[in-house]
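# Summary of the model geometry
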Amino acid sequence: MRIGFGYDVHQLVEDRKLILAGIDIPFEKGLLGHSDADVITHAIMDSILGALALGDIGKHFPDTDNKYKDISSIYLLSQVAKLMEEHGYEIGNIDATIVAQRPKLASYIEEMREKIADTLSTSIDNINIKATTTEWLGFVGREEGISAYSVCLLKKHLT
C-alpha cells in the first residue's frame, strides 16, 4: 500500500466556467488556469502521483505546453489512472476536500464522487469528497480563489 497527498489552488475570475470534479457548477465566476482549472481533480491527481512517487501534475502536464490549454482535468485524471494501472496499483480510497466560501457545493457532491469513481474505474464507496468554507478568512473567505486537498491510498493489484 502507498499513500499520497495533493493540494491545489486557483484564482476565481469572471468569464470562466467553474468546473469541479468534472462537473459544471453554475456560478458567476470560474477558476483561472491553463487547463479547465478543476482544483479538486488536480489535488486528486497529485495525491495519486505522489503515492506512485511520480512527481506532480506539472511534471506530466506542464502549463507551458499548449496541448494542455483548456484541457479537461477529468481527461488528465484518466491519464493518471493509466499510469497507476501500469505501475500495478488501484485505488484503495480517496478523501478530498474543496475549500470554497461560495458557491455552496453540497448538492453536487454525489455527482462529483460518481465522476471521479467512474474516471478511476473504482467503486464510488472508495471516493469521498467534502466541501467546507474558511468562515470568511483568507483568500478563500474573500472569494478570491478555491483550494482543495486530497489524500489517497493505493493498493497493489491482486493477481
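For the structure itself, look to the data block above.
Described below are features of the structure shown in this document. (Residues numbered from 1 in each chain as written. Predicted model: local features only at pLDDT ≥ 70, side-chain atom pairs only at ≥ 80, totals over all residues. Heavy atoms only, no water.)

Glancing now at the pairing of strand 5 (residues 89-99). Residues in a regular strand point their side chains to alternate faces of the sheet. Within strand 5, eight of the eleven residues are buried, which leaves it mostly tucked inside the rest of the structure. Summarising the sheet, strand 5 and strand 7 (residues 145-156) pair through ten bridges and their orientation is antiparallel. From the neighbouring strand, Val99 faces strand 7, where its bridge partner is Ser147. In terms of strand pairing, strand 5 meets strand 6 (residues 127-132) through six bridges, oriented parallel. The residue bridging Ile98 from the neighbouring strand is Ala131, located in strand 6. The handedness of the strand 5 to strand 6 crossover, carried by helix 4 (residues 109-119), is right-handed. (Buried < 20%, exposed > 50% of the residue type's maximum accessible area, 1.4 Å probe, protein only. Helix = DSSP H or I, 4+ residues; strand = E, 2+ residues; numbered from the N terminus. Pairing = 2+ DSSP bridges. Right-handed = clockwise from strand over helix to strand, strands pointing away.)

Looking now at the packing of helix 1 (residues 39-51) against helix 3 (residues 73-86). As a packed pair, helix 1 and helix 3 sit with axes 10 Å apart at the nearest point and diverge in direction by 10°. When the axis of helix 1 is compared with that of helix 3, the two are roughly parallel. As helix 1 runs across helix 3, the sense of the crossing is left-handed. Each of Thr41, His42, Ile44, Met45, Ile48 and Leu49 in helix 1 lies in contact with helix 3, whose residues at this interface are Ser73, Ile74, Leu76, Leu77, Val80, Leu83 and Met84. (Axes fitted to C-alpha atoms, helices over the stretch in contact; angles between N-to-C directions. Parallel < 35°, antiparallel > 145°, perpendicular 65-115°, else oblique. Left-handed = near helix turned anticlockwise from the far one by under 90°. Contact = heavy atoms within 4.5 Å.)

A separate point is unusual backbone geometry. Apart from glycine, the bulk of residues carry a negative phi angle, and the bulk of peptide bonds sit in the trans form. The omega torsion across Arg102 and Pro103 is -5°, close enough to zero to call that bond cis. For Pro103, the position within the fold is in the loop between strand 5 and helix 4. We note that Asp15 has phi near 65°; this positive angle belongs to a residue other than glycine. Following the sequence through the fold, Asp15 ends up in the loop between strand 1 (2-13) and strand 2 (18-20). Residues other than glycine seldom take positive phi values, yet Glu135 does so here, at roughly 55°. Its location among the elements puts Glu135 in the loop between strand 6 and helix 5 (138-141). Looking at Glu135, the relative accessible area reads 60%, which means it is exposed.

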